[in-house]
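# Chain and residue survey
If you want the building blocks of each chain, they are given just below.
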Amino acid sequence: MNTVAAEHAPLPATPAASGNEALAIADLQAWYGESHILHKVGLTVGRGEVVTLLGRNGSGRTTTLRAIMGLTGTRRGSIRINGTETIAMRTYKIAHLGVGYCPEERGIFSSLSAEENLLLPPSVSKTEQGMSLDEIYAMFPNLAERKQSQGTRLSGGEQQMLAVARILRTGARLLLLDEISEGLAPVIVQTLARMILTLKAKGYTIVMVEQNFRFAAPLADRFYVMEHGRIVEAFAAAELEAKTPTLHTLLGV
């Protein structure tokens, strides 16, 4: 670990609980086979918050999202979703707690049209209805225009919109978004930023993994910085300017 990270090693694993957490992680460890990736990660996300995980490639951010969904190998520690302990749960049961995961690889069904992709997801919540097609098309006009186009004929940006839109159809209220802005044209990135703000206004809880700091900075309420599978910094949006020198060192931004 570099000297900056070492200075912040005593960082508390998780902020004091408020009782309003959509997600509370404590002492989380995760492995892929024999590779120990996460080392006692701790973080909390309040209901209705947007929280961004920052860090260089290989720092453990994506593994954290996958561990929340039960998609890593071995997991130890605690992951509470709306107060329910999920560390021993299967992935489908975690999803049914109202969690939607949008992986970096998107997973579009290329042989189906955009609208057919949107009609596939089942409801994962007993209490929340997913967005209607009309609501989806109002949020993503590009998808309305291309709803009959096959997945293979959609642009990268349209595929990303479709990947996010699918989880909004399920009724999930805790969204885990992995690098949704990566490699996209600025106009598409702006559309995704407006989407995040719209969902936040509707009370969704969002955890984002982002390499594009300029995209994430104006959207998030709080930030966690990861390095070598550990949280090495945690700060609120109001502290962003003061933390910029540290972020330059840790992230190279």
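See the structure printed just above.
Here the structure is a predicted model, which means the values were calculated and not measured.

## Brief notes about the packing of aromatic side chains
Applying the stated rule across the entire model yields two aromatic pairs. With a centroid separation of 6.4 Å and an interplanar angle of 45°, the aromatic rings of F213 and F223 are classed as tilted. A residue pair is termed long-range when its members are at least 10 positions apart, and F213 in helix α9 (residues 213-216) and F223 in strand β9 (residues 222-227) qualify at ten residues. There is no split in this pair, since F213 and F223 are both buried. Relative to F235, the ring of F223 lies with its centre 5.2 Å away and its plane at 20°, an arrangement referred to as stacked. Of this pair, F223 sits in strand β9 while F235 sits in strand β10 (residues 230-236), placing them twelve residues apart in sequence. By relative accessible area, which is 3% here, F235 ends up buried. Here a set of aromatic residues connected by ring pairs shows up, and it is made of F213, F223 and F235.

## Some details on the pairing of strand β6 (residues 99-102)
Along β6, one buried face is formed by V99 and Y101 and the opposite face, lined by G100 and C102, is buried too. Where β6 meets strand β7 (residues 174-178), four bridges bridge the pair, whose relative direction is parallel. For C102, the partnering residue across the bridge sits in β7 and is L177.

## Concerning the sheet that holds strand β4 (residues 75-81)
Strand order in this open sheet of four strands is β2-β1-β4-β5, and the pairing throughout is antiparallel. In the strand order of this sheet, the two ends are held by β2 (35-46) and β5 (84-85), each with one partner. Running over the sheet, helix α2 (residues 61-68) touches β1 (21-32), β2 and β4 and is turned about 110° from β1.

## As for the pattern of salt bridges
Here the idea is simple: oppositely charged side chains can pair when their charged atoms come close. Applying the stated rule across the entire model yields six salt bridges. Between R222 and E49 there is a salt bridge, with its nearest N and O atoms 2.9 Å apart. With R222 in strand β9 and E49 in the loop between β2 and β3 (50-54), this pair connects stretches of sequence that are 173 residues apart. Taking relative accessible area as the criterion, R222 reaches 16% and is therefore assigned buried. Note on E49: relative accessible area 16%, which makes it buried. Across the salt bridge formed by E158 and R146, the nearest N and O atoms sit 3.0 Å from each other. Here E158, found in helix α7 (residues 156-168), pairs with R146, found in the loop between α6 (141-145) and α7; they are twelve residues apart in sequence, far enough to count as distant. Of the residues examined, R146 reaches a relative accessible area of 24% and is grouped as partly exposed.

The rules behind each value
- Residues numbered from 1 in each chain as written.
- Predicted model: local features only at pLDDT ≥ 70, side-chain atom pairs only at ≥ 80, totals over all residues.
- Heavy atoms only, no water.
- Phe/Tyr/Trp six-rings, centres within 6.5 Å; stacked < 30°, edge-to-face > 60°.
- Helix = DSSP H or I, 4+ residues; strand = E, 2+ residues; numbered from the N terminus.
- Buried < 20%, exposed > 50% of the residue type's maximum accessible area, 1.4 Å probe, protein only.
- Pairing = 2+ DSSP bridges.
- Contact = heavy atoms within 4.5 Å.
- Axes fitted to C-alpha atoms, helices over the stretch in contact; angles between N-to-C directions.
- Salt bridge = Lys/Arg side-chain N within 4 Å of Asp/Glu carboxyl O.

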